[in-house]
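# Structural description and commentary
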Amino acid sequence: MTVSTIIGMQWGDEGKGKIIDILAKDYDYIVRFNGGDNAGHTIKVGNRKFGLHLVPSCIFYPEKFKVIGNGVVINPETLLKEINEVENAGYSLKNLIISEAAHVILQWHKELDGIEDEKGGIGTTKRGIGPSFADKASRNTAIRICDLYNDNLKERIASIAELKIKIISAYGKETKFNDDEILNKLKSFAEKIKPFVRNTSYLLNEAIDKKKKILLEGAQGTLLDIDHGTYPFVTSSNTTTGAACTGSGIPPKKINKVIGITKAYTTRVGSGPFPTELTDDLGEKIRQKGGEFGTTTGRPRRCGWLDLVALKYSAMINGTDELVITKLDVLSELDELKICVAYEIDGKKTEEFPVIEKLKLAKPVYTSFKGWNINEEGWNKIKKNKKMPKELKEYLDFISKETKTKISMISYGPEREETVLL
Ligand code: IMP
């Protein structure tokens, strides 16, 4: 039995798409289990490059089953656009499977996200994620994929739309929804995806019984988890290992490997405390060199040093078996590197990742490392000989020792080949 899960260890954007693309060859099913089209995974193979938001990151393998699990909220427009783009680029989606229990993002969710974020200042992706998960929890105002095939869809749309207009007006904004247009669009979406819709919990558990291999693909990162992240500056779903079970219907006992992905430094988009943030020229240098601009919104990402307090916390919450360190090339040529090993809060040193009010006060305590100066040729040599320069080895060994987790892979560029298996 092999069921593995890929988890972002930071605030998302760790480079999960590339790693999933590499690992996918050894699995039969790749399953998205949380979030929605707020996620953006970029995969690049030669001159083929794709930014995916909903379809699992294995489109270059037509034979693999690509499952969108029950834990995902689906924006019909994004999914249709993505299906068209992927198919027009010549990749088959015959093996796409969509959970009948996944929730649907509707026009009012996006509108409410914009209005609420203007007041709340979380800096969301404005994709309607929060309001649609809120409706999921509220139950009466949510629409799931299976509801799209019910005779009462027209009435439900009308009654939910009426209520949402009132809520939006309570925020001091006027809006209108064209119920017929919403209904027609949903019906045509439902028709298009009908062949793909299944009970994915049965499908995946039966696949496990048949000894198929499953890779669960997490969106966002641990520090954006609604329970364990930097609340309220988080997304509205769980992003940690537990969500791989609830968002897919696979029981915890059947997950036998947790692979955590972390950048060699830290980035964050949106608001919220970020103790190791570099707001100086160095932060800008990392942003430019690392191409740190959001796949979904194009926003510049905030950049900073690697934060071991946060990484150790993520390893604990997720039960991480292996770490993959990405974007090591971005730190090449820096004379000195820093890793945050503790926080100082109110004059006291701590290695615990605190709740938000304390995190806002946290001052990073750093350990310095000598930089490495590795060019393309140097990285290729490392890949060939598996022998690293002393400085790089020291940096990686320190991370591995502190997190008590082995590093199974390092990545030094966006291409599949720019990866070293350790
Ligand atoms: P939401 O998920 O759109 O509600 O946004 C909530 C917070 O999560 C914001 O700070 C977003 O920037 C962040 N966020 C959501 N999805 C991603 C992602 O895929 N990568 C990085 N940050 C994300």
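Residues numbered from 1 in each chain as written. Predicted model: local features only at pLDDT ≥ 70, side-chain atom pairs only at ≥ 80, totals over all residues. Heavy atoms only, no water.

Counting its secondary structure elements, the protein contains 13 helices and 20 strands. In terms of overall dimensions, the protein is globule-like: its C-alpha atoms have a radius of gyration of 22 Å, near the 22 Å expected for 422 residues. Buried positions account for 56% of the 422 residues belonging to the protein. A fraction of 75% describes how many contacts in the protein between residues 6 or more apart in sequence connect residues 24 or more apart. Element-wise, carbon and sulfur atoms account for 50% of the exposed surface of the protein, whose accessible area totals about 18,400 Å². Side chains of the protein carry 64 positive and 58 negative charges; the gap between the two charge centres is 4 Å. (Helix = DSSP H or I, 4+ residues; strand = E, 2+ residues; numbered from the N terminus. Rg over C-alpha atoms; globule rule 2.2 N^0.38 Å. Buried < 20%, exposed > 50% of the residue type's maximum accessible area, 1.4 Å probe, protein only. Contact = heavy atoms within 4.5 Å. Areas by Shrake-Rupley, 256 points an atom, 1.4 Å probe, with all protein chains shown as cover. Lys, Arg positive; Asp, Glu negative; His and termini not counted. Charge placed at Lys NZ, Arg CZ, Asp CG, Glu CD.)

By domain assignment, the protein separates into domain 1 (2-101 + 195-258), domain 2 (103-192) and domain 3 (262-421). Each of domain 1 and domain 2 was reduced to a C-alpha centroid, and the two centroids are 23 Å apart. Each partner contributes to the interface: domain 1 provides 30 residues, whereas domain 2 provides 22 residues. Summed over both partners, the interface of domain 1 with domain 2 comes to about 2,100 Å²; 63% of that surface belongs to carbon and sulfur atoms. (Domains from an automatic or database assignment. Buried area = accessible area lost by both parts, 1.4 Å probe.)

This part covers the pattern of salt bridges. Summed over the entire model, instances satisfying the criterion amount to 25 salt bridges. The partner of E85 in a salt bridge is K81, and the shortest N-O contact between them spans 3.5 Å. Note that E85 and K81 are positioned in helix α2 (residues 76-88) at a spacing of four residues, about one turn of the helix. Under the relative-accessibility criterion, E85 is labelled partly exposed at 36%. Classification of K81 as exposed rests on a relative accessible area of 54%. A salt bridge links E292 to K327, with the shortest nitrogen-to-oxygen separation between them at 3.0 Å. (Salt bridge = Lys/Arg side-chain N within 4 Å of Asp/Glu carboxyl O.)

As a further point, take the site of the ligand. Near the ligand lie 15 residues; those nearest to it are D13, N38, T125, T235 and R299. One nitrogen or oxygen atom from the side chain of N38 is found 2.9 Å from an oxygen atom belonging to the ligand. A distance of 3.1 Å separates an oxygen atom of the ligand from a polar backbone atom of V269. The protein chains hide 97% of the 470 Å² of surface that the ligand would expose on its own. Its residues assigned to classes, the shell around the ligand shows six nonpolar, seven polar and two charged. (Near = heavy atom within 4 Å. Polar contact = N/O pair within 3.5 Å; in protein donor to acceptor, adjacent residues only side chain to side chain. Nonpolar A, V, L, I, M, F, W, Y, C, P; charged D, E, K, R; others polar.)

For strand β1 (residues 3-8), the buried fraction is high: six of the six residues fall into the buried class. Burial of β1 is two-sided: the residues V3, T5 and I7 facing one way and the residues S4, I6 and G8 facing the other way are all buried. Pairing geometry for β1 and strand β11 (residues 257-263), over five bridges, is parallel. Note on β11: the bridge partner recorded for G8 is I261. (Pairing = 2+ DSSP bridges.)

This brings us to the environment of I356. Relative to the helices and strands, I356 resides in helix α11 (residues 356-359). Of the residues examined, I356 reaches a relative accessible area of 14% and is grouped as buried. For the pair I356 and A264, spaced 92 residues apart in the sequence, the C-alpha separation amounts to 24 Å.

This paragraph deals with the packing of aromatic side chains. Using the criterion set out here, one finds 11 aromatic pairs in the structure. Here the aromatic cluster, defined as three or more aromatic residues joined through ring pairs, consists of F369, W372, Y395 and F398. The ring of Y61 carries K64 above its face, with NZ or CZ at 5.7 Å from the centroid. (Phe/Tyr/Trp six-rings, centres within 6.5 Å; stacked < 30°, edge-to-face > 60°. Lys NZ or Arg CZ within 6 Å of the ring centre and 35° of its normal.)

Turning our eyes to something else, we now look at the packing of helix α3 (residues 107-120) against helix α5 (residues 153-170). In contact at an axis separation of 11 Å, α3 and α5 are set at 15° when each is read in the N-to-C sense. Taken as axis vectors, α3 and α5 run roughly parallel relative to one another. When the axes of α3 and α5 are compared, the crossing they make is left-handed. Of the residues in α5, those in contact with W108, E111, L112 and I115 of α3 are I157, I160, A161, K164, I167 and I168. (Axes fitted to C-alpha atoms, helices over the stretch in contact; angles between N-to-C directions. Parallel < 35°, antiparallel > 145°, perpendicular 65-115°, else oblique. Left-handed = near helix turned anticlockwise from the far one by under 90°.)

With that settled, the discussion passes to the packing of α3 against helix α4 (residues 129-138). Here α3 crosses α4 at 115°, and the two axes come no closer than 7 Å. Remark: the crossing between α3 and α4 carries right-handed chirality. Each of W108, H109, L112, D113 and E116 in α3 lies in contact with α4, whose residues at this interface are I129, P131, S132 and D135. Split into classes, the residues belonging to the contact of α3 with α4 amount to four nonpolar, two polar and three charged.

The next thing to look at is the environment of W11. Considering the arrangement of structural elements, one finds W11 in the loop between β1 and α1 (16-23). In the structure, W11 is positioned 110 residues away from G121 in sequence and 17 Å away in space, judged by C-alpha atoms. Sequence-distant contacts of W11, defined by excluding residues within four places in its chain, comprise G221, L223, L224, T230, T266, T267, R268, P273, F274 and P275.

With that settled, consider the nonpolar core. Soluble globular proteins tend to pack their nonpolar side chains together in the buried interior. In terms of nonpolar packing, the biggest core is built from 41 residues, with I59, I74, L79, I98, I145 and L148 touching the most fellow members. Residue assignment for this core shows that the elements contributing at least two residues are β3 (41-45), β4 (48-52), α2, β7 (96-99), α3, α5 and α6 (179-193). In terms of residue count, α6 provides more of this core than any other element does, six residues in total. Two domains share this core, each providing at least three of its residues, namely domain 1 (2-101 + 195-258) and domain 2 (103-192). (Core = buried A, V, L, I, M, F, W, Y, C linked by side-chain atoms within 4.5 Å.)

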